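Read off the chains here:
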Amino acid sequence: MARETGGMLQGTLSLLILKALVAQDLHGYGVARWIRQVSGDTLQIEEGSLYPALRRLEDRGLVTARWELTDQNRRARCYALTPAGRQHLRDDASTWLPFSRAVTLVLAAEPSLL
């Protein structure tokens, strides 16, 4: 990746984490891997950002966490979306999607930047 996306990602990290947990419960590494894969390797979440964000989401009651053993027989915290987290994701996505479409339209307008 040619440029860092940390600044752009800061305001959307919670939204991305909640989305990663919609289909299944995941440990932190699984959340980061899912986001990286779905974004085509554009969004790479560092541990120093991911785990504090997961903790904040847990403190707010949007995710729950439990200890379990991984395939490598290591203990890891596994995160699950709560009903409040699912509703929060719906609310945020309903605002974020039209906003991101509008930003894309503005950036893609003539004259072209690329």
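Our structure's up above, just so we're on the same page.
I will try to describe carefully the structure that is included in this document. Because the structure is a prediction, the values reported are computed rather than measured. (Residues numbered from 1 in each chain as written. Predicted model: local features only at pLDDT ≥ 70, side-chain atom pairs only at ≥ 80, totals over all residues. Heavy atoms only, no water.)

**A look at the overall build of the protein**
When helices and strands are tallied, the protein shows five helices and three strands. If you list the helices and strands of the protein from N to C, you get α-α-β-α-α-β-β-α. The buried share of the protein, reckoned over its 114 residues, is 27%. Across the protein, the fraction of contacts at a sequence separation of at least 24, relative to all contacts at a separation of at least 6, is 48%. Roughly 8100 Å² of accessible area belongs to the protein as shown, and the carbon and sulfur atoms make up 54% of that amount. In the protein, 14 positive and 12 negative side-chain charges are present, and the distance between their average locations comes to 4 Å. (Helix = DSSP H or I, 4+ residues; strand = E, 2+ residues; numbered from the N terminus. Buried < 20%, exposed > 50% of the residue type's maximum accessible area, 1.4 Å probe, protein only. Contact = heavy atoms within 4.5 Å. Areas by Shrake-Rupley, 256 points an atom, 1.4 Å probe, with all protein chains shown as cover. Lys, Arg positive; Asp, Glu negative; His and termini not counted. Charge placed at Lys NZ, Arg CZ, Asp CG, Glu CD.)

**Let's talk about the packing of helix H3 (residues 28-38) against helix H4 (residues 47-59)**
Contact pair H3 / H4: the axes reach a minimum separation of 10 Å and the direction vectors enclose 115°. By the angle between their axes, H3 is roughly perpendicular relative to H4. In this structure, H3 meets H4 at a crossing whose hand is right-handed. Contacts between H3 and H4 involve Gly-28, Tyr-29, Val-31 and Ala-32 on the former and, on the latter, Leu-50, Tyr-51 and Leu-54. Its residues assigned to classes, the contact of H3 with H4 comprises six nonpolar, one polar and no charged. (Axes fitted to C-alpha atoms, helices over the stretch in contact; angles between N-to-C directions. Parallel < 35°, antiparallel > 145°, perpendicular 65-115°, else oblique. Left-handed = near helix turned anticlockwise from the far one by under 90°. Nonpolar A, V, L, I, M, F, W, Y, C, P; charged D, E, K, R; others polar.)

**Considerations on the pairing of strand S3 (residues 75-81)**
For S3, the tally of buried residues reaches five of seven residues, placing the bulk of the element in the interior. Across two bridges, strand S1 (residues 26-27) lies against S3 in antiparallel orientation. Within S3, the residue paired with Leu-26 across the bridge is Tyr-79. Linking strand S2 (residues 63-69) to S3, which pair antiparallel, is a turn of five residues; within it Asn-73 sits at a positive phi near 65°. (Pairing = 2+ DSSP bridges.)

**Considering the sheet that holds S1**
If you trace the three strands from one edge of the open sheet to the other, you get S1-S3-S2, paired in antiparallel fashion. The sheet is open, and its two edges are formed by S1 and S2, each paired on a single side. Across the sheet, H4 touches S2 and S3, and the angle it forms with S3 is around 50°.

**Notes on the packing of aromatic side chains**
To describe a pair of aromatic rings, you give the distance between the ring centres and the angle between the ring planes. Enumeration over the complete set of coordinates arrives at one aromatic pair. Measuring from centroid to centroid gives 5.6 Å for Trp-96 and Phe-99, while their planes differ by 45°, and the two rings are tilted. Of the two residues, Trp-96 and Phe-99 are both situated in helix H5 (residues 83-108); the distance of three residues between them amounts to about one turn of the helix. Among the residues examined, Trp-96 registers a relative accessible area of 36% and is labelled partly exposed. Here Phe-99 falls in the partly exposed class, since its relative accessible area comes to 48%. (Phe/Tyr/Trp six-rings, centres within 6.5 Å; stacked < 30°, edge-to-face > 60°.)

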